Amino acid sequence: MKRRIYLRKKTLEEAIKITLEAFAWPRFLKKENIPVKNALGRITAEAIYAKRSVPAFNAAAMDGIAVQAEKTFGAHESHPLRLKVGQEAFFVNTGEPLPPDTNAVIMIEEVHQVSEDEVEIMTPAFPWQHVRKIGEDVVEGELIFPPSHKLAPWDLGALLATGHLEIPVKERPKVAIIPTGDELVSPEEATEELLKEGRTVEFNSTMIAATVEEWGGKAQVFPIVPDIPEEIEKVILEALEADFHLVTVLAGSSAGSKDHTANLIEKEGELLFHGIAMMPGKPAILGRIKEKPIFGVPGYPVSAVLAFEKLMKPAFSAMLGVRLPERPKVTAKAGRKIPSRLGTREFLRVRLGEVAGEKVFMQLKRGAGAITTLTKADALCEIPEEVEGLDAETKVTLEILRPEKDLSHTALVLGSHDMALDILEEFLKKEAPEYDLSLAHLGSLGGLLALRDNLSHFGGTHLFDPETGEFNVPYIKRHLPETPLVLVHFAYREQGLIVPKGNPKNITRLEDLAREDVTFINRQPGAGTRVLLDYHLEKLGLNPRQIKGYETEETTHLGVAIAVATGRADVGLGILAAARLLSLDFVPLFPERYDLAVRKDFFLSPFWQKIASILASQAFRERVLALGGYDVSQMGKMLYEQ
């Protein structure tokens, strides 16, 4: 099948407008009767009126005596009035019906019982005092809920009270989800052998189905369909013949030779649009076959989620007749300059924190195939089509993905990557769940500059200064002379060469990086590992241009290790823990000191005191030691203050 190119991408607004106008969404859902007790979150299909009044009788609103108010008008402290029990006064409890010929209740605290047959009062009652009258809450025939009302827990109580045991609601939107792709394998069938052969675990369907359920719909995931047009067409037509309101095809929406969805829609129906000026999510498709909507989303997971959410959420709102809840918004400033492409709306995943009284965000990596850019993100940053990126400190409105996080109790941790920081986050959530860490990797120098610019609370650093032979302090004095901070020791680490298991190319020293048969994977400029490498290369008289792969960069030790494990590189410089995690070999070269640079005000906060107690704990230190290549004997020691 020929490749399809995007002749003209729709803007997101145009795509939403086409989606809403192309189908009679409000008429999609039929009415069904369900028990009230099962109706939480459902949408009323018609107006609901009270079948009975609430309360259905005049009821006592207080414990006391029921009386006829007019017979108490002479009561006074100087002239107490006595009433006969059972004739003029009747003891009642809260909620009980008033006896005949009574219209008021006197609180028991204001009643003096003279004898078993007589009580005394000193204050008159007025008509309907402390009485819940018939229909005070709801009158029979009164409107309880209009059509298209989403039922809350207390709504169910009102329905039962007004005589409803069943209620007509709109059926839940039903969505068929069809994953496609020769390379896909279900999570249950995935084995190490299959994955090494190039197969990919199919999980987009689970995410889309969960989104449908969250919006109040029902999803059915079909078995994975191979990239055979006839097979895909057969399953699509089967889904269209069933009672689904929407058919969603996963993958096959792009412009590759195996992307068949658009052609199949054109063959069987009408293609409404193909391609949206948004990233991630550009290759989204909407079509109509047999008057039913068929939606195609890209195969990359972040693209799939965002395309489905941005385009189908308005359709679900139209179907249900209610506005689906929007995520909370917050205004924050960009911590760094962020480039973006004109003409394309971009949704960045960002980390978010509150530093020195201002909300700050830092961009995570952009990859549409990296689902962890969503799992690690605190918020989405939307950059409009007409904006060519954001300057540092530009304030924008973010869409909060983690509303459960209290930003005043969230520490933004920017700096050098270390696997032990993930363990610190784990220990913190166990011991002090009210606190959160939000980690992003900028490299050691980037982390220090973030502290200088009031963009973070603390960060890891391991910058070696060739002139003094010291770690970190010279850089702090040079780049942050006016920033109040404290340098806290975290650990000594072993830096060395990460090589494949068995070290097939016998790489044993830095000089081997210059060999013609060796491909290197580097760290980004400003990373402590990169500074250390460049120092030792210069010391050995090695020119970086002699090293194949020197310009190829990763931002974490794990990124370096994965590059070696997958064959993209023969060797990288990193820590033992990263090599050990991926069962790679390690050639130790030199120790280094890894410290935490901490804002002074944060260092004095209860938040840091909790972190300090974790650093001092034996359990935490043992977990770090178990990673391999760490010396934690001085962990938590204050090394420098300014």
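The following refers to the structure shown. (Residues numbered from 1 in each chain as written. Predicted model: local features only at pLDDT ≥ 70, side-chain atom pairs only at ≥ 80, totals over all residues. Heavy atoms only, no water.)

**Brief notes about the packing of helix 9 (residues 419–431) against helix 16 (residues 606–615)**
Then comes step 1: Interhelical geometry of helix 9 versus helix 16 gives an angle of 115° and a closest axis separation of 10 Å. Regarding the angle of helix 9 to helix 16, the classification is roughly perpendicular. For the pair helix 9 and helix 16, the crossing hand works out as right-handed. Residues Leu424, Phe427, Leu428 and Glu431 of helix 9 lie in contact with helix 16, whose contacting residues are Phe607, Lys610, Ile611, Ile614 and Leu615.
Then comes step 2: Across the contact of helix 9 with helix 16, the residue classes break down as 7 nonpolar, no polar and 2 charged. (Axes fitted to C-alpha atoms, helices over the stretch in contact; angles between N-to-C directions. Helix = DSSP H or I, 4+ residues; strand = E, 2+ residues; numbered from the N terminus. Parallel < 35°, antiparallel > 145°, perpendicular 65-115°, else oblique. Left-handed = near helix turned anticlockwise from the far one by under 90°. Contact = heavy atoms within 4.5 Å. Nonpolar A, V, L, I, M, F, W, Y, C, P; charged D, E, K, R; others polar.)

**Considerations on the layout of surface pockets**
Then comes step 1: In this structure, the second largest pocket spans a volume of roughly 510 Å³.
Then comes step 2: Taken together, 20 residues line the second largest pocket, and the ones lying closest to its centre are Glu214, Val305, Glu309, Arg327 and Leu401.
Then comes step 3: Secondary structure elements with two or more residues in the lining of the second largest pocket: helix 4 (204–214), helix 7 (301–320) and helix 8 (372–375).
Then comes step 4: If one sorts the elements of the lining of the second largest pocket by residue count, helix 4 sits on top with 4 residues.
Then comes step 5: Here the lining of the second largest pocket is built from residues that sort into 12 nonpolar, 2 polar and 6 charged. (1 Å grid on protein atoms, 1.4 Å probe; cavity = no way out; pocket = protein on both sides within 12 Å on 5 of 7 lines; lining within 4 Å. Points joined across faces, edges and corners; volume = space filled by probe spheres on them.)

**As for the pairing of strand 29 (residues 458–461)**
Then comes step 1: What you see with strand 29 is no split at all: Phe458 and Gly460 on one side and Gly459 and Thr461 on the other are buried throughout.
Then comes step 2: As paired strands, strand 29 and strand 36 (residues 585–599) are joined by 4 bridges and run antiparallel to one another. Residue pairing for strand 36: Gly460 is matched across the bridge by Leu596. (Buried < 20%, exposed > 50% of the residue type's maximum accessible area, 1.4 Å probe, protein only. Pairing = 2+ DSSP bridges.)

**Side note on the packing of helix 1 (residues 12–22) against helix 7**
Then comes step 1: With their axes 9 Å apart at the nearest point, helix 1 and helix 7 run at an angle of 35° to one another. You can see that helix 1 and helix 7 cross each other, and the crossing is right-handed. Where helix 1 approaches helix 7, its residues Leu12, Ala15, Ile16, Thr19 and Leu20 are matched on the opposing element by Lys310, Leu311, Met312, Pro314, Ala315 and Ala318.

**Remarks on the nonpolar core**
Then comes step 1: Counting residues in each nonpolar core, the largest one holds 48 residues, and the members touching the most others are Leu437, Phe458, Phe490, Trp608, Ile611 and Phe620.
Then comes step 2: Per-element tally for this core: the top contributor is helix 9, with 7 residues.
Then comes step 3: Those residues in contact with Leu437 that sit more than four places away from it in its chain are Arg351, Lys405, Ala411, Val413, Leu424, Glu425, Leu428, Phe458, Phe607 and Ile611.
Then comes step 4: If you look at the next biggest cluster of nonpolar residues, it comprises 45 residues, including Ile43, Met207, Ile208 and Leu311. (Core = buried A, V, L, I, M, F, W, Y, C linked by side-chain atoms within 4.5 Å.)

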